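# Chain and residue survey
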Amino acid sequence: MSGSVAVLAVADEAGVADRVSAILGNAGFRVGATREVAAEDVVHAARAADASAVVVVGDGGIAGSAALRLEHAFTRRIPGWAPVAYAAAFSALGSGAVRYRTAAGYIDGCPIVALPAEASFAILAVEQVLAHELGRWIQAGMELVMAGDDDVVEPPPAQLAPPAAASADDAAPQKPSGRFGSLGRTANSFSVSASQDESSSGPDTEGDEGDGPPAGGWKRAVWELGGTVHFDKREELPQPVEKLAPLHDVLHTAGETAVLALPNRVRFSIWGWPDLRRANSKVLAVGWGEPLCEVLALHRHPQQTGTCIEEARGLLPAQDADVAEVCKAVTGRAPSDTSGQLFALEGSTVWILRGSRVIRWDGSRERDDGNPKQVLASLVLQWSGR
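Everything numeric in this text was worked out from a predicted model, so none of it was measured.

### Observations concerning helix α9 (residues 323-331)
Judged by how many residues are buried, α9 sits mostly within the fold: seven of nine residues are covered. Along α9, the residues that are buried comprise V323, A324, V326, C327, A329, V330 and T331. Sitting at the amino-terminal end of α9 is D322, which places a side-chain oxygen 3.0 Å from the backbone nitrogen of A324. In the segment just after α9, G332 is the residue with positive phi, at about 95 degrees.

This is the structure:
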């Protein structure tokens, strides 16, 4: 995907920033006029830029402060950038490439790249690397924002490794994130080697070994949400779908059902195929939520897969969230018609409710999938794997 790029120049007497702008423009990005800023203002200027990404050119020598200031402001770094950029610059500058500083990372979900005002370095890095990768970084930033994960600060490199004398027992235990995965395509893990205690996974759960959070699948989703599974309880289906026969036909083929209780007291009925004991079971959670109900495909974690509801407590983007923004995060593109409300989403597809019809958008074309109840039943069938 492309996007808009703001180019900032810091002490760029050779006009390298303008050349960078031209390259990115030819690569399909919308690039505004180059703006000159002082090194001490570069972080504020980057935050204030109204663009999908920001490229800062100049003041990038070893002692240059602009790149260093940006590095300190990053909430996430893009660790692969610098080695590849230096490799590109080495072909022209040889060992002299190490005289310049470059960095890339995210500030509030926006990718920021700092380049030196050395033409050979900046031009090669942009032509050979940045022009090809920036679109992916923009999409990844959108996903971080939608997942509420744009404020994670990486420790400085010196703190990444624990002291040599520290043992594994000293490591801080992982804590549930409270989030139901992230938007868009994400690699799934269905390992059955991870464990969960009996209060949440039930007795005799297949494949439970050791300590720590489950490695993946539906059990990891439950763990991340801080939920507890009650095998001895049952939850009624929401009233809007209690008489929806196609939905019942699918759910009642489940091998086991139970109740999932979350810390905020929200409860779901959960349905497992072939059961609720295996880490790689397909598991759907069904709870109350307008206009029909909230359905979560727990086994698709860490991909957010399910329905969007009106209530703010929903675990996916709300029904009234920005359609264009969500479509870009999930599929890479927004449809030409961004009217309507979000109905459901999965790894690479968004369903949009327009009037009485639900439209499927896969990033390239729209398709009318039917009325809301028809689409809900179809998605439950699809997500259950029946």
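On we go from here.
### A word on the pairing of strand β14 (residues 341-345)
With respect to burial, β14 is a largely interior element, four of its five residues being buried. Examined bridge by bridge, strand β13 (residues 306-307) and β14 share two bridges and lie antiparallel to one another. Bridging across to β14, G306 finds its partner in L345. Between β14 and strand β15 (residues 350-354), which pair antiparallel in sequence order, lie four residues.

### Regarding the packing of aromatic side chains
In total, this model carries three aromatic pairs according to the counting rule given. Taking 5.9 Å as the distance between ring centres and 85 degrees as the angle between the ring planes, the aromatic pair formed by W81 and W137 counts as edge-to-face. Taken together, the residues W81 in helix α4 (residues 81-93) and W137 in helix α5 (residues 119-146) connect sequence positions 56 residues apart. Note on accessibility: W81 and W137 belong to one class, buried. Of the aromatic side chains, those joined through ring pairs into one cluster are Y86, Y100 and F121. In this arrangement the basic side chain of R277 is found over the ring face of F231, its NZ or CZ atom lying 4.2 Å from the centre.

### What about unusual backbone geometry?
Here the bond from E290 into P291 is cis, since omega is 10 degrees, no more than 30 degrees from zero. Mapped onto the elements, P291 comes out in the loop between β11 (282-287) and β12 (294-297). Located in the positive-phi region is A11, a residue other than glycine, with phi close to 50 degrees. With respect to the helices and strands, A11 occurs in the loop between β1 (4-9) and α1 (16-26). Overall, A11 belongs to the exposed group, its relative accessible area being 62%. Positive phi outside glycine occurs at D108, with the angle close to 55 degrees. Mapped onto the elements of the fold, D108 is located in the loop between β6 (103-107) and β7 (110-115).

### Description of α1
Taken together, the buried positions of α1 are occupied by V16, A17, V20, S21, I23 and L24. For α1, the angular spread of the buried residues around the axis is 165 degrees, confining them to a single face. Two residues or fewer after α1 comes G28, characterised by a positive phi angle close to 105 degrees.

### Considerations on the pairing of β6
Most of β6 sits inside the fold, with five of its five residues counted as buried. The alternating pattern of β6 places A103, G105 and I107 and A104 and Y106 on opposite faces, both of which are buried. Pairing of strand β5 (residues 76-77) with β6, which is carried by two bridges, proceeds in the antiparallel orientation. Bridged to R77 within β6 is G105. Relative to β7, β6 is paired through five bridges, and the arrangement is antiparallel. The residue of β7 that forms the bridge with I107 is C110. Connecting β6 to the next strand, β7, in antiparallel fashion are two residues, including D108 with a positive phi near 55 degrees.

### Re the nonpolar core
A general tendency of soluble globular proteins is for nonpolar side chains to be buried together. Membership of the largest hydrophobic core comes to 67 residues, with the highest contact counts inside it found for W81, I270 and L298. Here this core takes 13 residues from α5, the largest share from any one element. Not counting the four nearest positions on each side in its chain, L298 is found in contact with F180, G217, W218, A221, V222, L260, I270, V283 and A285. Counting residues in hydrophobic clusters, the runner-up holds 25 residues, among them V250, W271, L353 and L379.

### Digging into the environment of L124
Secondary-structure assignment places L124 in helix α5. Classification of L124 by relative accessible area gives buried; the value is 16%. Distance from L124 to F90, taken between C-alpha atoms, is 9.4 Å for residues 34 residues apart in sequence. If we ignore the near neighbours within four places in the chain, the residues touching L124 are A88, A89, S91, A92, A119 and V129.

Calculation criteria
- Residues numbered from 1 in each chain as written.
- Predicted model: local features only at pLDDT ≥ 70, side-chain atom pairs only at ≥ 80, totals over all residues.
- Heavy atoms only, no water.
- Buried < 20%, exposed > 50% of the residue type's maximum accessible area, 1.4 Å probe, protein only.
- Helix = DSSP H or I, 4+ residues; strand = E, 2+ residues; numbered from the N terminus.
- Polar contact = N/O pair within 3.5 Å; in protein donor to acceptor, adjacent residues only side chain to side chain.
- Pairing = 2+ DSSP bridges.
- Phe/Tyr/Trp six-rings, centres within 6.5 Å; stacked < 30°, edge-to-face > 60°.
- Lys NZ or Arg CZ within 6 Å of the ring centre and 35° of its normal.
- Arc of directions from axis to C-beta.
- Core = buried A, V, L, I, M, F, W, Y, C linked by side-chain atoms within 4.5 Å.
- Contact = heavy atoms within 4.5 Å.

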